[in-house]
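Fold and contact review
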Amino acid sequence: MSAVVQPQHHPKLYYDDGNFVSDSKSSILYCLHKGILSKHSHAFHSTFLEPYDTSKPRDGDDNTHPFALSPALVTPIEFNYLVTYLMCGPSSYPSHDDEPERYKKFLLSVLDVSSLLQIEDQVIFSIHVFEQLGDSFDPIQHIELACRYSINDWIAPGVQQLLKVPLFLMQARIETLHTALAFRVPKVVNNLHCGVPAACSSGWEYDWWNGVAHQLLHPDLQLSGQDVLKELTMTQMSGICELCQERTVKWIEEKGTLVKEDEYIMKTVTALVEWHECGQPAQLSITFT
């Protein structure tokens, strides 16, 4: 049979003059002051005012009967961050310069738990500090937190930052490329054996405007340049002879214009990997030519 682990006093957050003992569910006991908890948290304030049987020990009265928040609601590390914020002040917070990721986790925990326990000044503190992070604040997380905690002022900055993410840059660049390709009809490269080069040129232009351009720009088709090139290779267009179409399509393929979006995608993949490794989207630089 394994030995029962006895709860230990927190080295800094077990105050001898405290009057409220709490267990973080990690075998660590905190002895805190009801007055401070009640002042900052509406949830704690309401809990302390609830009637109870004075003939029996109440949760929080002593080490044997500690008050415990459900781990499903507040994890041990979140509870520790909460109490650190309430009882210790900024000098005990993780350093943003030395431990940026731990600092962000601290802020997230503070925001999450303080929202749960209705600690208004703690929510305001977290929001203020997150706003100071500027471009180093992950844009997706920015929007997620804005929706979760109804922080409407964060939605616009989050969207603006999100548009700087490589995937959005790539999508915008590809859409611009498709528009340019659709409206710039490639010139016909007539076959030397073609007997009607002028007719092939006008027919090609007509077919491009009424076929290829529509495929590139249609919002529901979502065809890539590679798809269009494949269609041109496999399908005989009505306004141009087979010989001229074959030579023209071969010239387009060699030029590489229709498959340029593949280059954009590969650049984006590389940029995304670098972005993930450094975790700093604001420093991302991606150039499409």
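As the structure is a computational prediction, the values presented were derived from the model and not from experiment.

Each α-helix turn comprises 3.6 residues. Residues three or four places apart therefore point the same way. Compared with an ideal rise of 1.5 Å per residue, which puts 12 residues at 16 Å, helix H3 (residues 76-87) spans 16 Å between its outermost C-alpha atoms and is within 8% of the ideal. Taking burial as the measure, the 12 residues of H3 include nine buried ones, the bulk of the element. Among the residues of H3, Glu78, Phe79, Tyr81, Leu82, Val83, Thr84, Tyr85, Leu86 and Met87 are the ones counted as buried. Following H3 by one or two positions, Gly89 has its phi on the positive side, about 90°.

Turning to the confidence of the model for the chain, a few remarks are in order. Per-chain confidence: the chain averages 78 in pLDDT, with 82% of residues scoring 70 or above. No element of the chain has a lower mean pLDDT than helix H12 (residues 260-278), at 67, and none a higher one than helix H11 (residues 242-255), at 90. Within the model, the stretch residues 280-289 combines pLDDT values under 50 with 24 contacts to residues more than four positions away or in other chains.

Moving on, we come to H11. Compared with the 20 Å implied by 1.5 Å per residue over 14 residues, the 20 Å span of H11 between its first and last C-alpha is a close match. All of the buried residues in H11 are Cys244, Gln245, Thr248, Val249 and Ile252. Viewed end-on, H11 has its buried residues packed into an arc of 125°, placing them on one side of the element. For H11, exposure combined with an orientation more than 90 degrees from the buried face picks out Glu242, Glu246, Lys250 and Glu254. Buried residues in H11 make contact with helix H9 (197-217) and helix H10 (225-234).

Definitions and cut-offs
- Residues numbered from 1 in each chain as written.
- Predicted model: local features only at pLDDT ≥ 70, side-chain atom pairs only at ≥ 80, totals over all residues.
- Heavy atoms only, no water.
- Helix = DSSP H or I, 4+ residues; strand = E, 2+ residues; numbered from the N terminus.
- Expected span 1.5 Å × (residues − 1).
- Buried < 20%, exposed > 50% of the residue type's maximum accessible area, 1.4 Å probe, protein only.
- pLDDT = per-residue confidence, 0-100.
- Contact = heavy atoms within 4.5 Å.
- Arc of directions from axis to C-beta.

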